[in-house]
Amino acid sequence: FLINSTPLQVTMFSCCENVSVEPGEELLSTPVVIEVLMGRHFFVEPPNCYVTFTYGGREYNTETHENATSPQWPDSKHELAYDGQPISIDFAIMQRKSREERVKIASVTVKWEHFLPGLRKVEDYLVTRLVDGVKDTAAIRAAATLLPEGIVGAPERPQGPRRKALFVGICYAGTESYLPKCHEDAEKMKNYFCGHWGFNDTPEDTKVLMDGEGASESSRPTRDNIKAGMKWLVDEAVPGDSLLFFYSGHGSQQPNFNDREKDGFDETLVPVDVETCGMLVDDEINEILVQPLPAGVRLTCFLDSCHSGSGLDLPYRWNPYMEEGASWHLDQGGYYGDADVICVSAAADDETAKGVPAMGEREDFPSGAFAAAWCVACEVHETQCKMNWKEMLKIVKDVCEDFHFGQSVQLSSSQKFDLKREFNFHDCIPNSNDKKGAVVNDGETPVYPSENKLKKSAFIQHMQQMMQMGMPPGMDMGGMMMGF
């Protein structure tokens, strides 16, 4: 396979389940799995529709869905031989009028130019209507995945892939930085991910750090405990494992003194003992969470905090607020890694994130606007149709905009990937980075020295003014934590 015209050696540890194989037919060594997920807006009566296509001289069919005008067909997966060339398939949408009568009501030709191991694209394809009653917006939703040779997991973990998760929620009780209900979000999101996404709610696989009444010293989200939790999360990870990190609490910034940050600041997480132990800086978080992971491991991070856009210092960033067709942006302050790491953040580096404590009154709903928006998007993904990352981010973006809080969700990654990739926490794409470590400044001249010098000077002046006003060290005018 070629990525950026460079040959890539790939070892993949993922496979598709419930693939149909005819009796006596051997499983193909490098097949492509074609799956028809959903048909939308056909509006024919009666709506007994299914999809059929022919490939390699053999006909494939989905099952008939009989009860909806916007049919969601049962998952139908078919293995096709793949020789490295583009695949083009003519899909026919059929209506079953009776046991004997079947009518072709629409069609669409889909062409997949290339496949990346582990990348499962999900997309709508508008159909051409062939009879009256089919709406102009009618489409089928289809996915295509390359299944390379290999097994699920890695030889060093014969029992199969491991799924581990760390949840951190901080309310800063008894301080001027109090965040109502925020600490409870850690427990609620733990229940959600364990209940819906296959993470295991056991002490061996899941940890929760939260402050508040009754929190033990070992479970308090102190700086040391958060660092220890991060190290536990990535410890002994092998290809095939999927990891999750969720943080709900204050985020902040502090001056960057190696001149690698364009805005002059490092992004930080704020532990409950920040006044005595300081903050967790993005460079340090990347060093603990990202750098130790080998290729073939998937890590997903959610940062529901202020100034969190580049909170993991990953090398690639994508902004859902850019124009259609915009591509990944290389973050000059990021660090390359081997694993497949995706981070979704509640706000850009220069923005604050907001919470809605009233939402936290619900037993199963988080109080953070960003976390709540993800719950809405996940519900659509689970109950209506499987979506890709771009579609999920659009829903989160729209919900956050409905709150009118002025925060913009951000996406960063250790690997560039097609945003039509299906939203999932357990798939993994190969490492396409040809090196590891800092994107730039490998012993070279500092990147942004002149402009950052002015920003640092202004920051120090701001801190001096706050202390002259008698404000506690580390507190800004709005009650948010600031680094110094």
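Data block above holds the structure.
Reading guide: rules and limits
- Sequence order sets the numbering: in each chain, residues are counted from 1 along the sequence as written.
- Restriction of local features to residues with pLDDT of at least 70 applies here, the model being predicted, together with a cutoff of 80 or more for giving and counting side-chain atom pairs; totals for whole chains, interfaces and linings are based on all residues.
- Values shown for side chains rest on all heavy atoms present in the structure; no hydrogens or waters enter the calculation.
- Counting from the N terminus, the helices are the DSSP runs of H or I reaching at least four residues and the strands are the DSSP runs of E reaching at least two.
- Burial classification: accessible surface area is computed with a 1.4 Å probe over protein chains only, and a residue below 20% of its type maximum counts as buried, one above 50% as exposed, and the rest as partly exposed.
- What makes two residues a contact is simply this: any of their non-hydrogen atoms within 4.5 Å.
- Values of accessible area rely on a 1.4 Å probe in the Shrake-Rupley scheme; residue burial ignores everything except the protein chains shown.
- Polar contact criterion, stated in full: a pair of N or O atoms within 3.5 Å, where within protein one must be able to donate a hydrogen and the other to accept it, and residues adjacent in sequence count only if both atoms are side-chain atoms.
- Residues belong to a common nonpolar core when they are buried Ala, Val, Leu, Ile, Met, Phe, Trp, Tyr or Cys residues joined through side-chain atoms within 4.5 Å.
- Pairing between strands is defined by DSSP: at least two bridges between the two strands are required.
- The axes are straight lines fitted to the C-alpha atoms, using for helices just the contacting stretch, and the angles between their N-to-C directions are given from 0 to 180°.
- To estimate the expected span of a helix, count its residues, drop one, and scale the result by 1.5 Å.
- We define a salt bridge as a contact between a side-chain nitrogen of Lys or Arg and a carboxyl oxygen of Asp or Glu at a distance within 4 Å.
- Between 30 and 60 degrees the pair is tilted, below 30 it is stacked and above 60 it is edge-to-face, where a pair is any two Phe, Tyr or Trp rings, Trp via its six-membered ring, whose centres lie within 6.5 Å.
- Each ring is checked for a lysine NZ or an arginine CZ that lies within 6 Å of its centre and within 35 degrees of its normal; such an atom marks a charge sitting over the ring.

(A) Geometry of the overall build of the protein chain. Summing up its helical and strand segments, the protein chain has seven helices and 24 strands in all. A burial count over the protein chain gives 56% of its 484 residues as buried. For the protein chain, restricting intrachain contacts to residue pairs at least 6 apart in sequence, the fraction spanning at least 24 positions comes to 71%. Taken as a whole, the protein chain presents about 21700 Å² of accessible surface, with 50% of it coming from carbon and sulfur.

(B) Structural context of the side chain of N388. If you trace the backbone, N388 turns up in the loop between α5 (369-383) and α6 (389-403). Overall, the relative accessible area of 4% leaves N388 in the buried class. Engagement of the side chain of N388 in a polar contact is seen with the backbone nitrogen of E391, the distance being 2.8 Å. Leave out the neighbours within four places in its chain, and N388 touches V122, R141, L419, K420, R421, E422 and F423.

(C) Main features of the nonpolar core. Of all hydrophobic cores here, the largest spans 58 residues; its most connected members are F193, F302, V344, W374, W389 and L411. Sorting the residues of this core by element identifies β3 (32-40), β12 (163-169), α1 (182-196), β14 (242-248), β19 (316-318), β22 (340-345), α5 and α6 as the ones contributing at least two each. Counting residues per element, this core draws most heavily on α5, at nine residues. Once you skip the residues sitting within four places of it in the chain, F193 turns out to touch F167, G198, F199, L244, F302 and F425. Listed in part, the 34 residues of the second largest apolar core include V272, I288, L303 and A339.

(D) Quick peek at the pairing of β3. Buried residues dominate β3, accounting for eight of its nine residues. Inspection of the sheet shows β3 paired to strand β6 (residues 76-80) by five bridges, in the antiparallel sense. Within the sheet, the bridge partner assigned to I34 lies in β6 and is H78. Looking at chain direction, β3 and strand β11 (residues 139-146) are connected through eight bridges and run antiparallel. Each bridged residue has a counterpart across the sheet, and for V33 the counterpart in β11 is T145.

(E) Structural view of the pairing of β14. For β14, a buried count of seven out of seven residues is recorded, marking the element as mostly surrounded by other parts of the structure. Where β12 meets β14, seven bridges bridge the pair, whose relative direction is parallel. By the bridge assignment, A165 is partnered in β14 with L244. Pairing of β14 with strand β18 (residues 298-304) involves seven bridges; the strand directions are parallel. Bridge pairing links F246 to F302 in β18.

(F) Region of the structure containing the sheet that holds β11. The sheet built from four strands is open, its strands ordered β6-β3-β11-β9 with antiparallel pairing. The sheet is open, and its two edges are formed by β6 and β9 (121-126), each paired on a single side. Ignoring which end each strand starts from, the neighbouring axes of this sheet average 25° apart.

(G) Main features of α5. Here α5 spans 21 Å end to end across 15 residues, near enough to the 21 Å set by a 1.5 Å rise per residue. Of all the residues in α5, the buried ones are A369, F370, A371, A372, A373, W374, C375, A377, C378, V380 and H381. Against α1, β14, β18, β22 and α6 lie the buried residues of α5.

(H) The arrangement of the pattern of salt bridges in detail. Summed over the entire model, instances satisfying the criterion amount to 25 salt bridges. When the shortest N-O distance is used, the salt bridge between R141 and E391 registers 2.5 Å. With a gap of 250 residues between them, R141 in strand β11 and E391 in helix α6 connect regions that are remote in the sequence. Overall, the relative accessible area of 0% leaves R141 in the buried class. A salt bridge links D427 to R298, with the shortest nitrogen-to-oxygen separation between them at 2.5 Å. Of this pair, D427 sits in the loop between β23 (410-413) and β24 (437-438) while R298 is found in strand β18, placing the two residues 129 residues apart along the sequence. In this structure, D427 and R298 share a single accessibility class: buried. Through salt bridges with shared partners, a single network forms among E35, R120, K386 and E422.

(I) Quick look at the packing of helix α2 (residues 223-234) against helix α4 (residues 282-289). As a packed pair, α2 and α4 sit with axes 9 Å apart at the nearest point and diverge in direction by 35°. Mapping the contact onto sequence places R223, K227, M230, K231, L233 and V234 in α2 and E284, I285, I288 and L289 in α4.

(J) Spotlight on the sheet that holds β22. Read from one edge to the other, the open sheet built from eight strands follows the order β13-β12-β14-β18-β22-β23-β19-β20, with strand pairing classed as mixed. The open sheet has two edge strands with one neighbour each: β13 (206-210) and β20 (329-330). Two strands pair when backbone bridges link them, and β18 and β22 are joined in this way by six bridges, in the parallel orientation. Bridge pairing links T300 to I342 in β22. Against the sheet, α1 makes contact with β12, β13, β14 and β18, and its axis sits at roughly 165° relative to β13, the strand it touches most. Contacting β12, β13, β14 and β18, α2 runs over the sheet at an angle of about 165° to β12.

(K) Examining the environment of N225 more closely. Checked against the element boundaries, N225 lands in helix α2. Placed 46 residues apart in sequence, N225 and P271 show a C-alpha to C-alpha distance of 9.1 Å. A polar contact of 2.8 Å, which involves the side chain of N225, links it to the backbone oxygen of R220.

(L) Here's a closer look at the packing of aromatic side chains. For the coordinates displayed, the defined rule picks out 24 aromatic pairs. On the numbers, 6.3 Å between centres and 65° between planes, the contact of W374 with W389 is edge-to-face. Separated by 15 residues along the polypeptide, W374 in helix α5 and W389 in helix α6 bring together distant segments of the chain. Accessibility classification places W374 together with W389 in one group, the buried group. The side chain of R421 reaches across the aromatic face of F417, ending 4.9 Å from its centre.

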